[in-house]
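Next come the chains, spelled out residue by residue.
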Amino acid sequence: MVDYKKIGLVNTRAMFSKAVDGGYAIPAFNFNNMEQMQAIIQAAVETKSPVILQVSKGAREYANATLLRYMAEGAVEYAKELGCTNPQIVLHLDHGDSFETCKSCIDMGFSSVMIDGSALPYEENVAVTKQVVEYAHRFDVTVEGELGVLAGVEDEVCAAESHYTKPEEVIDFVTKTGVDSLAISIGTSHGAYKFTPEQCTVDPQTGRLVPPPLAFDVLEAIEKKLPGFPIVLHGSSSVPQDEVDTINANGGCLKAAVGIPEEQLRKAAKSAVCKINIDSDSRLAMTAAIRKTLAEKPAEFDPRKYLKPARESMKKLYIHKIVNVLGSNDKL
Ligand code: G3H
Ligand code: 13P
Ligand code: ZN
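Throughout this document, residue positions are counted from 1 along each chain, in the order its sequence is written. Going through the entries in the order they are written, you letter the chains from A and number the ligands from 1. Two thresholds apply to this predicted model, a pLDDT of at least 70 for residue-level local features and 80 or more for giving and counting side-chain atom pairs, whereas whole-chain, interface and lining totals are computed over all residues.

(A) Highlighting the overall build of the protein chain. Every helix listed is a DSSP run of H or I at least four residues long, and every strand listed is a run of E at least two residues long, numbered separately from the N terminus. Per the secondary structure count, the protein chain includes 12 helices and 12 strands. Values of the radius of gyration come from C-alpha atoms, whereas the globule rule sets the reference at 2.2 Å times the count of residues to the power 0.38. Here the C-alpha atoms of the protein chain give a radius of gyration of 19 Å, agreeing with the 20 Å that 2.2 N^0.38 yields for 332 residues. Counting only C-alpha atoms and orienting by the principal axes, one finds that the protein chain spans roughly 60 × 50 × 35 Å. Burial in this document is a count-based property: other C-beta atoms within 10 Å of a residue's C-beta are tallied, and the residue is buried at 20 or more, exposed at 12 or fewer, or partly exposed in between, with C-beta positions derived from the backbone. Split into buried and exposed, the 332 residues of the protein chain put 49% on the buried side. Considering only contacts within the protein chain whose residues lie at least 6 apart along the sequence, 74% involve residues at least 24 apart. Two residues qualify as a contact pair if the distance between their C-beta atoms, derived from the backbone, is within 7 Å.

Printed below as a string of structure tokens:
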């Protein structure tokens, strides 16, 4: 049993309460490799932002669960080495699919876990979430639950259509399970293709697809039911069109990729939404930089020569999100 506090990590409790009161959101960035982790920590230190390092089940399979855990421990020391005396870093399981996966992470030193029972019938979601909360709280680990279904891939769960969270269910769910935060569905979805072209309109000036707005009425209804309770938004990448263009100009083929406009995320961050999940934008930034470098220097074969610009590009993206979208800078 690893005690996350002994390795310098924190849970989300105080972080979320400050974020809700302060009208900003904490960035939850997924990481699968060293370059992403370095870029996230450099960005968080330079902007003086708390940060959530997010690990999916897929990331644990890809990079090895033990290695990722030690990388997070290393991240705390790395932040200190970069000059941050009081790093606020959470190690969080993203989309935990069972009690066993959550328990394995808690036992390994995660300070926060998500149990995603959103695809289950309501009572089963309540039961598994409650079971995770009871175990996690014994070790002061915080738990995120989910109500409502996002379209697209949620790790191994794939839904063709989204179902908005029902505001009339949230009090019952939070009371029965004891969760510390709640992920909701208000129109975001995972990946780089969040909306079909049919769901969008076309901007006559740029010819770009303009997605439909998020369901802020649902968010407001949830906030009324649970005043001040920490709300989480998944699927919050904006799919920057310059990155998509760079990928396509250098041999890629991403057609009709569209994300959530940043002004909508800015609005959400000022509300009870206190954790915003971003993964796809980092993947796009990394891929764009690697493709560009290799296209410009076809003889290059030292991975450091293309991973370094990729890391720089991700760091720039993370800083932009922290400062211009979430507003979590200068909070340490
Ligand atoms: O919500 C999904 C995250 O972007 C993680 O994706 O399961 O491919 O690691 P992944
Ligand atoms: P994006 O695919 O929009 O980056 O969402 C990531 C996410 O929600 C991770 O849980
Ligand atoms: Zn997610």
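(B) Representation of the site of ligand 2. Using a C-beta atom placed from the backbone, a residue is described as near a molecule or strand when that atom lies within 6 Å of it. Close to ligand 2 lie 14 residues, the nearest being His-234, Ser-237, Asn-277, Asp-279 and Ser-280. Sorting the residues of the shell around ligand 2 by element identifies strand E3 (89-96), strand E12 (273-278) and helix H11 (280-296) as the ones contributing at least two each. Each residue is assigned to one of three groups, with Ala, Val, Leu, Ile, Met, Phe, Trp, Tyr, Cys and Pro labelled nonpolar, Asp, Glu, Lys and Arg labelled charged, and all others, Gly among them, labelled polar. A class-by-class count of the residues in the shell around ligand 2 yields 1 nonpolar, 10 polar and 3 charged.

(C) View of the sheet that holds strand E11 (residues 231-233). By definition, two strands form a pair when at least two bridges between them are found by DSSP. Taken together, 8 strands build a closed barrel; the order of strands is E1-E2-E3-E4-E5-E8-E11-E12 and the barrel is parallel. Between one strand and the next, the sheet's axes are offset by a mean angle of 25 degrees, whatever the strand orientation. Think of each axis as a best-fit line through the C-alpha atoms, taken over the contacting stretch in the case of a helix, with angles from 0 to 180 degrees between the N-to-C directions. Helix H7 (residues 167-177) rests against strand E5 (142-147) and strand E8 (181-184) of the sheet, and its axis sits at about 150 degrees to E5.

(D) Spatial organisation of the environment of Gly-251. Secondary-structure assignment places Gly-251 in the loop between helix H9 (241-249) and helix H10 (262-269). C-alpha of Gly-251 to C-alpha of Val-149: the two residues are 102 residues apart in sequence and 34 Å apart in space. Excluding anything up to four places from it in sequence, Gly-251 contacts Arg-291 and Ala-295.

(E) Representation of unusual backbone geometry in the model. If you check the backbone angles, Asp-140 has positive phi at about 60 degrees while not being a glycine. As for its position among the elements, Asp-140 is in the loop between helix H6 (122-137) and E5. The phi torsion at Val-239 lies on the positive side, around 50 degrees, for a residue other than glycine. Examined against the element boundaries, Val-239 turns out to sit in the loop between E11 and H9.

(F) Quick peek at the packing of H9 against H11. Two elements in contact, H9 and H11, have axes whose closest approach is 8 Å; the angle formed by their N-to-C orientations is 35 degrees. Taken as a pair, H9 and H11 cross one another with a handedness that is left-handed. Contact residues: H9 offers Glu-243, Val-244, Thr-246 and Ile-247, while H11 offers Leu-284, Ala-285, Thr-287, Ala-288, Arg-291 and Lys-292. Of the residues that constitute the contact of H9 with H11, the class distribution is 5 nonpolar, 2 polar and 3 charged. Whether a crossing is left-handed or right-handed is set by the direction in which the near helix is turned from the far one by less than a right angle, anticlockwise for left-handed and clockwise for right-handed.

(G) How the structure looks around H10. Looking only at H10, the buried set comprises Gln-264, Leu-265, Ala-268 and Ala-269. Projected onto a plane normal to the axis of H10, the buried residues spread over an arc of 140 degrees and lie on a single side. Those residues of H10 that are buried lie in contact with E11, E12 and helix H12 (303-326). In this description, the arc belongs to the directions extending from the helix axis to the C-beta atoms.

(H) Quick look at helix H1 (residues 13-22). Within H1 the residues assigned to the buried category are Met-15, Phe-16, Ala-19 and Val-20. Taken end-on, H1 shows its buried residues confined to a sector of 125 degrees, consistent with a single buried face. Those residues of H1 that are exposed and aimed more than 90 degrees away from the buried face are Ala-14 and Asp-21. Of the surrounding elements, those touching the buried residues of H1 are strand E1 (26-30), E3, E8 and E12.

(I) Region of interest: the pairing of E8. Here E8 shows two buried faces, one formed by Ser-181 and Ala-183 and the other by Leu-182 and Ile-184. One ladder, built from 4 bridges, connects E5 with E8; its direction is parallel. Bridge pairing in E8 links Gly-145 to Leu-182. In this structure, E8 lies alongside E11, joined through 3 bridges in parallel fashion. From the neighbouring strand, Ile-184 faces E11, where its bridge partner is Leu-233.

(J) Spotlight on the nonpolar core. Throughout this description, the term nonpolar core refers to a group of buried Ala, Val, Leu, Ile, Met, Phe, Trp, Tyr and Cys residues whose C-beta atoms join them within 7 Å. Counting residues in hydrophobic clusters, the biggest one holds 91 residues, and the most contacted among them are Ile-40, Leu-53 and Val-113. Of all the elements, H12 adds the most residues to this core, at 8 residues. In contact with Leu-53, other than residues within four places in its own chain, are Phe-29, Phe-31, Met-37, Ile-40, Ala-72, Ala-75, Ile-89, Val-90, Leu-91 and His-92.

(K) Fine view of the environment of Arg-266. Residue position: Arg-266 is located in helix H10. With 149 residues separating them along the chain, Arg-266 and Gly-117 place their C-alpha atoms 28 Å apart.

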